[in-house]
Amino acid sequence: MATNIDIHSWYSEEGPDDDIIISTRARLARNLADFLFPAKMTADDAHRIQSLIYDAASFNPNYTMIDLESLSSASRRLLKDKNMLSGKVPSALLFSGDKEESFCLINESDHLKIVEFSAGFACEEVARRCYQKDELFQQKLQFAGSFEFGYLTSRLGDLGSGLKISLRVFIPSIVLSGKIKELSDQLNIKNCSLTPLFPSVSNKADFSNFLFDIYPQNAFSGSEIDQIAQIEAAGKYVLKTERKISAEFADNNATVVLNFFRQGYAKAMHSLLLSYDEAVDIISCVKWGLSNNLISGISHEELNSMYYATKDGYLDYLCNSYPFEFEPDVKSDIDLQLKRLRAVVIQQTFEGITNEKSVS
């Protein structure tokens, strides 16, 4: 079964320090004055708010409104897999551009959430884009706020600026060296939290356990500039720590590092069916091999994009969009189809990997 899949979105682009910091996300929460929060508002108010925000978005003629109530469950899953949706489903999505790095959620937990993504470490950039749109919206909308509390939001932790910048990081060396608790404690001092993307259920050295999100604990500590500086300081600390430990670990455990890569690569190239958990483990093994100069022929941005392109939502979209020929015992089972296609996508991406080094 052959495929020719072109992955073109913000997460397939090169970004600063994307060997460790996979992506940066900024979210700015706002609520319209004189309306109840989404959890308490009426259906009529929800439609009114949606219309007001859409009219205010006329500053960008490329904005498109999607009514999420009319979307299929498969389409919603695709948006969730792209990190465009999480938790409560909003009534509408407002986005521009084909890379989906910039969009707005309407009537989720707040009336309006301006969201910006970027590959790599880009706190100031995503914050700048958020506030640029915020200023344009405020020319036509009055947001709820007070002198004492700042912008009013449905969650206490978002009161104040309404800004929350998060980093998705890949830190295998910190975890393997047993320094993750120390890192978490240092981030707490910086008013930031560290949360595993895939919580570990065992003590196995599983590379899916090396992906974490870092985010501020609240939005009311200091000014917006202070909050951006906090998360930037946290990101720089993670970069410095991971690189320092990685260099020491690789020098002292060359066989272990090479073994991780070889096992992951062999599983990728010889598997017919792969679950998403297995795919994450494989991608991360190869990513660590690239970070330690064991391989060439692939980039960090290609590997980072695979965390998204191997999710069920994206693969289901491919199955419904392209005429794939599956094996007879696979084509009648959608779960097997997704696992089969996941294996093929990874194998095609890994075809150019070369120059593996040996242990000296």
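How each quantity is defined
- Residues numbered from 1 in each chain as written.
- Predicted model: local features only at pLDDT ≥ 70, side-chain atom pairs only at ≥ 80, totals over all residues.
- Heavy atoms only, no water.
- Core = buried A, V, L, I, M, F, W, Y, C linked by side-chain atoms within 4.5 Å.
- Buried < 20%, exposed > 50% of the residue type's maximum accessible area, 1.4 Å probe, protein only.
- Helix = DSSP H or I, 4+ residues; strand = E, 2+ residues; numbered from the N terminus.
- Pairing = 2+ DSSP bridges.
- Axes fitted to C-alpha atoms, helices over the stretch in contact; angles between N-to-C directions.
- Contact = heavy atoms within 4.5 Å.
- Parallel < 35°, antiparallel > 145°, perpendicular 65-115°, else oblique.
- Left-handed = near helix turned anticlockwise from the far one by under 90°.
- Nonpolar A, V, L, I, M, F, W, Y, C, P; charged D, E, K, R; others polar.
- pLDDT = per-residue confidence, 0-100.

Caption draft 1: Up close: the nonpolar core. Among the nonpolar cores identified, the biggest contains 54 residues, and Leu 93, Phe 103, Ile 295, Tyr 307, Ile 346 and Phe 350 are the most heavily contacted of them. No other element matches the eight residues that helix H8 (residues 276–291) contributes to this core. Ile 21, Leu 28, Tyr 63 and Ala 127 belong to the second largest nonpolar core, which has 45 residues in total.

Caption draft 2: Geometry of the sheet that holds strand E3 (residues 92–95). An order of E2-E3-E4-E5-E1-E8-E10-E9 is seen for the eight strands of this open sheet, with the pairing classed as antiparallel. Of all strands in the sheet, those with a lone pairing partner are strand E2 (64–67) and strand E9 (192–196), marking the two edges. Shown here is a sheet whose adjacent strand axes are inclined to one another by a mean of 20 degrees, direction ignored. In this structure, strand E1 (residues 21–30) lies alongside strand E5 (residues 112–119), joined through eight bridges in antiparallel fashion. Paired with Arg 27 across the strands is Val 115, a residue of E5. Against the sheet, helix H6 (residues 224–252) touches E1, strand E8 (163–170), E9 and strand E10 (211–216), its axis set at about 5 degrees to E8.

Caption draft 3: Representation of the packing of helix H2 (residues 73–81) against helix H10 (residues 312–321) in the model. Orientation of H2 relative to H10, taken along the N-to-C sense of each, is 135 degrees, at an axis distance of 7 Å. As the angle between them shows, H2 and H10 are arranged oblique. Crossing geometry of H2 relative to H10 is assigned as left-handed. Packed against H2, whose contacting residues are Ala 74, Arg 77, Leu 78 and Asp 81, the element H10 presents Asp 312, Gly 313, Tyr 314, Asp 316 and Tyr 317 at the interface. Here the contact of H2 with H10 is built from residues that sort into four nonpolar, one polar and four charged.

Caption draft 4: Seen up close, the confidence of the model for the chain. Scored by pLDDT, the chain has a mean of 88; 92% of the residues are at 70 or more. Averaged over each element, pLDDT in the chain is lowest for H2 (85) and highest for E1 (96). Within the model, the stretch residues 1–6 combines pLDDT values under 50 with 17 contacts to residues more than four positions away or in other chains.

Caption draft 5: The arrangement of the packing of H6 against helix H7 (residues 254–270) in detail. As a packed pair, H6 and H7 sit with axes 5 Å apart at the nearest point and diverge in direction by 100 degrees. Between H6 and H7, the angle falls in the class roughly perpendicular. Within the contact between the two elements, H6 uses Phe 249, Ala 250 and Asn 252 and H7 uses Ala 254, Val 256 and Val 257. Taken together, the residues that form the contact of H6 with H7 break down as five nonpolar, one polar and no charged.

Caption draft 6: Spatial organisation of the pairing of strand E4 (residues 102–106). Of all five residues in E4, five are buried, a share of seventy percent or more. Burial along E4 is two-sided: the face carrying Ser 102, Cys 104 and Ile 106 and the face carrying Phe 103 and Leu 105 are both buried. Examined bridge by bridge, E3 and E4 share four bridges and lie antiparallel to one another. The residue of E4 that forms the bridge with Phe 95 is Phe 103. Judged from the five bridges that link them, E4 and E5 form a sheet pairing that is antiparallel. Within E5, the residue paired with Leu 105 across the bridge is Lys 113. As consecutive antiparallel partners, E4 and E5 are separated by five residues, and within that stretch Asn 107 has a phi angle of approximately 60 degrees, a positive value.

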